[in-house]
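Below are the chains, spelled out letter by letter.
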Amino acid sequence: MLNTITLTRKERDCIVLIGERGTSDFPLRLIEVANRMNVKPPTALNLIKRLVAKGMLKRERGMLRLTDKGKAECSRIIESHRVIETMMARYGLSADEACKLSCNLDFVMDEESVNRIFTELGKPKVCPHGKKIEVVQ
Ligand SMILES: [Zn+2]
């Protein structure tokens, strides 16, 4: 099943990038997003505008922060990411291969499917990189 929120892969990467900054006093700016995502500033600006329109992101005096909706989406993506890469690593992929592939899937999977996989895996506590999996059931 597919998730009902439709994001592109670039939008997904942007949400995770900004989300990883968390509540830091130094949120990312447009130019940093462009640099880290390896795109030109006008491309990053388009991306940011789309995320603002989707209610995921807010711009405050040039600084970019996730909205509550954006934060929830970011946690959901990260959680799916870790469950999916754990599944792939169990079936023989290296942690790095699993991680790369999971980035293409984590944002399109719905929560219920991810939870089912998580349960089938025996509710693992950490992903192949040793990061915590926190599935809220
Ligand atoms: Zn990963």
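Keep in mind the model is a prediction, meaning the values are calculated, not measured.

**Section: the overall build of the protein chain**
Consideration 1: Helix and strand counts for the protein chain come out as six helices and two strands.
Consideration 2: Starting at the N terminus and walking to the C terminus, you meet the elements of the protein chain as α-α-α-β-β-α-α-α.
Consideration 3: Dimensions of the protein chain, computed from C-alpha atoms along their principal axes, come out at roughly 45 × 30 × 25 Å.
Consideration 4: Expressed as a percentage of the 137 residues in the protein chain, the buried residues total 31%.

**Description of the packing of helix α4 (residues 68-90) against helix α5 (residues 95-105)**
When two helices pack together, you describe them by how their axes are tilted relative to each other and by the distance separating the axes.
Consideration 1: As a packed pair, α4 and α5 sit with axes 8 Å apart at the nearest point and diverge in direction by 135°. Classed by the angle they form, the pair α4 and α5 counts as oblique. The handedness of the crossing between α4 and α5 is right-handed. Counted together, H81, I84, E85, M88 and A89 of α4 and A95, A98, C99, L101, S102, C103 and L105 of α5 form the full contact between these two elements.
Consideration 2: In terms of residue class, the contact of α4 with α5 is built from nine nonpolar, two polar and one charged.

**As for the pairing of strand β2 (residues 63-66)**
Consideration 1: The alternating pattern of β2 places L64 and L66 on a buried face, while none of M63 and R65, on the opposite face, is buried.
Consideration 2: Pairing of strand β1 (residues 57-60) with β2 involves four bridges; the strand directions are antiparallel. Note that in β2 the partner of K58 across the bridge is R65.
Consideration 3: With antiparallel pairing between neighbouring strands as the criterion, β1 and β2 make up a hairpin whose turn holds two residues, including R61 at a positive phi of roughly 45°.

**Some remarks on the domain arrangement of the protein chain**
Consideration 1: As far as domains go, the protein chain holds domain 1 (9-66) and domain 2 (72-120).
Consideration 2: For domain 1 versus domain 2, the separation of C-alpha centres amounts to 23 Å.
Consideration 3: With seven residues of domain 1 in contact, the opposing surface of domain 2 contributes six residues.
Consideration 4: Element by element, the count of residues in the side of domain 1 that touches domain 2 is highest for helix α1 (residues 9-20), at five residues.

**Describing α5**
Consideration 1: All of the buried residues along α5 are A98, C99 and S102. Buried residues of α5 fall within an arc of 100° about the axis and therefore sit on the same side. Residues of α5 that are exposed and point more than 90 degrees away from the buried face comprise D96 and N104.
Consideration 2: The elements touched by buried residues of α5 are α4.

Scoring rules and cut-offs
Residues numbered from 1 in each chain as written. Predicted model: local features only at pLDDT ≥ 70, side-chain atom pairs only at ≥ 80, totals over all residues. Helix = DSSP H or I, 4+ residues; strand = E, 2+ residues; numbered from the N terminus. Buried ≥ 20, exposed ≤ 12 C-beta atoms within 10 Å, placed from the backbone. Axes fitted to C-alpha atoms, helices over the stretch in contact; angles between N-to-C directions. Parallel < 35°, antiparallel > 145°, perpendicular 65-115°, else oblique. Left-handed = near helix turned anticlockwise from the far one by under 90°. Contact = placed C-beta atoms within 7 Å. Nonpolar A, V, L, I, M, F, W, Y, C, P; charged D, E, K, R; others polar. Pairing = 2+ DSSP bridges. Domains from an automatic or database assignment. Arc of directions from axis to C-beta.

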